[in-house]
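Descriptive analysis of the structure
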Amino acid sequence: MFFNHDLRQRAQLHEQWFQRQNEELLVNVFCCRPVPYGGLDLDVSPKDILERSLRNAECMAVFPTDCMISMRPNFAPAFTPAVAGAGFSYDEHTSWSIHEVDEIADIHINRFDPNHPLYAKFQERLEPLLDNWSWDTFLPATNDYTGSFDILCGFVGSEVLAIALYEEPELVKEKALEAAEFLKDMIAYECRLMHEAGLEDGMVNAFNMWMPGNNILFTEDFFALIGEEHYREFLLDVDELVLSSLDYSLFHTHSAGYKCLSGVTDIPHISAIEFGNDPNGPGLEQRIAVAQHIQQRNIPLSFGSWEIPQSTVDIETSIHSLDRRGLLIGIQSPSFEEAADLYFMAKELGVQRELGVDTV
């Protein structure tokens, strides 16, 4: 067993994963990687982006993972709502929305315009990456796109939006539809930039997964605050409107929204789901049950931990409870030094799972 450095072979492995035809378990180890440059890129000049990305890629090339090495301008979660018209602020670590209106009726969703000042700033920093990528260094990645309801939250906040589901349901649906149309146009524009840069067969999303055709990481954080009934009434159709415009997507969720996932698996154009864990639960047993439901629907699954360390027993339980076909296990590493041990441990557990060896 060895760590595969070839990005083309990793891309082929990801395509097998999306078809649930992978012969081996995919593993991604997440930790604070000791890359030279981190944080947001809003105040990094376009001429410095490439050198910073190449330096980061050199460090990531020795990091044990089955994911791609990719680079993108990091404008953090509030970027998409801001281009749609929400207020925006940031520091060196992240960005956040400024809620500038108090009523759903006062939300005005922009038509997507690449000349929007913030988007123009983003594209200036994306272009050096599009002009200089290679299979030997890094691939450019598409942006992390927040869903329609996360865009609405950027305008009014989650509490106002949650109450409006009861008090102004039809108006919420109208605004969510406008946000979905905005998203389709913004995504299509970036995908066109990727094609023009030579990425004709596929591209990498913000979670470093290669997928054929036009694709993105799609985030729905708001549904952690609601139940399945509201998801089906308000979010399912607008999520489908966006996802149906793509060839593939990776639907990022938080475990706190697990009750909505049976609705997510009913989205006709759902491609794959990333289901992590949250500090407030649910526990591993419940998360595995949800993960098994996703797999029973024949949907590829990224499962595990981004920020919360897991015990060896939890990792073993997850791997031995799930089908390796279309499965990527995410593991939180306490340090860069321990990451390789965790990577190879998970790989070996995947082999044992296929051989029927019970180590739990």
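Before any of the text, the structure's been laid out above.
Calculation criteria
- The numbers attached to residues start from 1 for each chain and follow its sequence in the written order.
- Local features are withheld for residues below a pLDDT of 70 in this predicted model, meaning they are given only at 70 or higher, and side-chain atom pairs are given and counted only at 80 or more; totals for whole chains, interfaces and linings count all residues.
- Excluding hydrogens and water, the side-chain figures rest on all heavy atoms present in the structure.
- Strand pairing is assigned whenever DSSP detects at least two bridges linking the two strands.
- Here a helix means four or more residues in a row that DSSP labels H or I, a strand means two or more in a row labelled E, and each is numbered from the N terminus.
- A fitted line through C-alpha atoms serves as each axis, taken over the contacting stretch for helices, and the angle formed by two N-to-C directions is quoted from 0 to 180°.
- Throughout this description, buried means an accessible area under 20% of the type-specific maximum (1.4 Å probe, protein chains only), exposed means over 50%, and partly exposed covers the range between.
- Put simply, angles under 35 degrees are roughly parallel, angles over 145 are roughly antiparallel, angles from 65 to 115 are roughly perpendicular, and the rest are oblique.
- Contact criterion: two residues are considered in contact whenever any of their non-hydrogen atoms come within 4.5 Å of each other.
- We call Asp, Glu, Lys and Arg charged. Ala, Val, Leu, Ile, Met, Phe, Trp, Tyr, Cys and Pro are nonpolar, and the rest, Gly among them, are polar.
- Crossing handedness is defined as follows: a turn of the near helix away from the far one that is anticlockwise and smaller than a right angle gives a left-handed crossing, while the clockwise case is right-handed.
- Within this document, salt bridges are pairs made up of a side-chain nitrogen of Lys or Arg and a carboxyl oxygen of Asp or Glu, the two lying within 4 Å of each other.

1. Points about the sheet that holds strand β9 (residues 215–219)
- In space, the 7 strands of this open sheet follow the order β1-β13-β12-β11-β10-β9-β6, with parallel pairing throughout. The open sheet has two edge strands with one neighbour each: β1 (26–30) and β6 (144–146). Taking each pair of neighbouring strands and ignoring which way they run, the sheet shows an average axis angle of 25°.
- Alignment of β1 against strand β13 (residues 327–332), held across 5 bridges, turns out to be parallel.

2. Some words on unusual backbone geometry
- Look at Asn 208: it is not a glycine, yet its phi comes out positive at around 65°.
- With respect to the secondary-structure elements, Asn 208 resides in the loop between β7 (202–204) and β8 (210–212).
- Residue Asn 208 is classed as buried on the basis of its relative accessible area, which comes to 16%.
- Phi is positive for Asn 298, which is not a glycine, with a value near 65°.
- Note on placement: Asn 298 falls in the loop between α10 (284–296) and β12 (301–304).

3. Details of the packing of helix α5 (residues 148–156) against helix α7 (residues 169–196)
- At their nearest, the axes of α5 and α7 sit 8 Å apart, and the two run at 110° to each other. If you check the angle between α5 and α7, you find them roughly perpendicular. Along the contact surface, α5 presents Ser 148, Phe 149, Ile 151 and Leu 152, while α7 presents Val 172, Lys 175, Ala 176, Ala 179, Ala 180, Phe 182 and Leu 183.
- Split into classes, the residues belonging to the contact of α5 with α7 amount to 9 nonpolar, 1 polar and 1 charged.

4. Points about the packing of helix α11 (residues 312–321) against helix α12 (residues 336–355)
- Two elements in contact, α11 and α12, have axes separated by 9 Å at closest approach and are oriented at 35°. For the crossing formed where α11 meets α12, the hand is right-handed. Residue-level inspection shows Thr 312, Ile 315, Glu 316, Ile 319, His 320 and Ser 321 of α11 in contact with α12, the latter providing Leu 342, Met 345, Ala 346, Leu 349, Gly 350, Gln 352 and Arg 353.
- In terms of residue class, the contact of α11 with α12 is made up of 6 nonpolar, 5 polar and 2 charged.

5. Remarks on the pattern of salt bridges
- Counted by the stated rule, this structure contains 13 salt bridges.
- As a salt-bridge pair, Glu 24 and Lys 347 come within 2.5 Å of each other at their nearest N and O atoms. Of this pair, Glu 24 sits in the loop between α1 (7–18) and β1 while Lys 347 sits in helix α12, and the two are 323 residues apart along the sequence.
- In this structure Lys 347 comes out as buried when scored by relative accessible area, which is 7%.
- It is possible to trace a salt-bridge network through shared partners that takes in Glu 228, Arg 232, Asp 266 and Arg 297.

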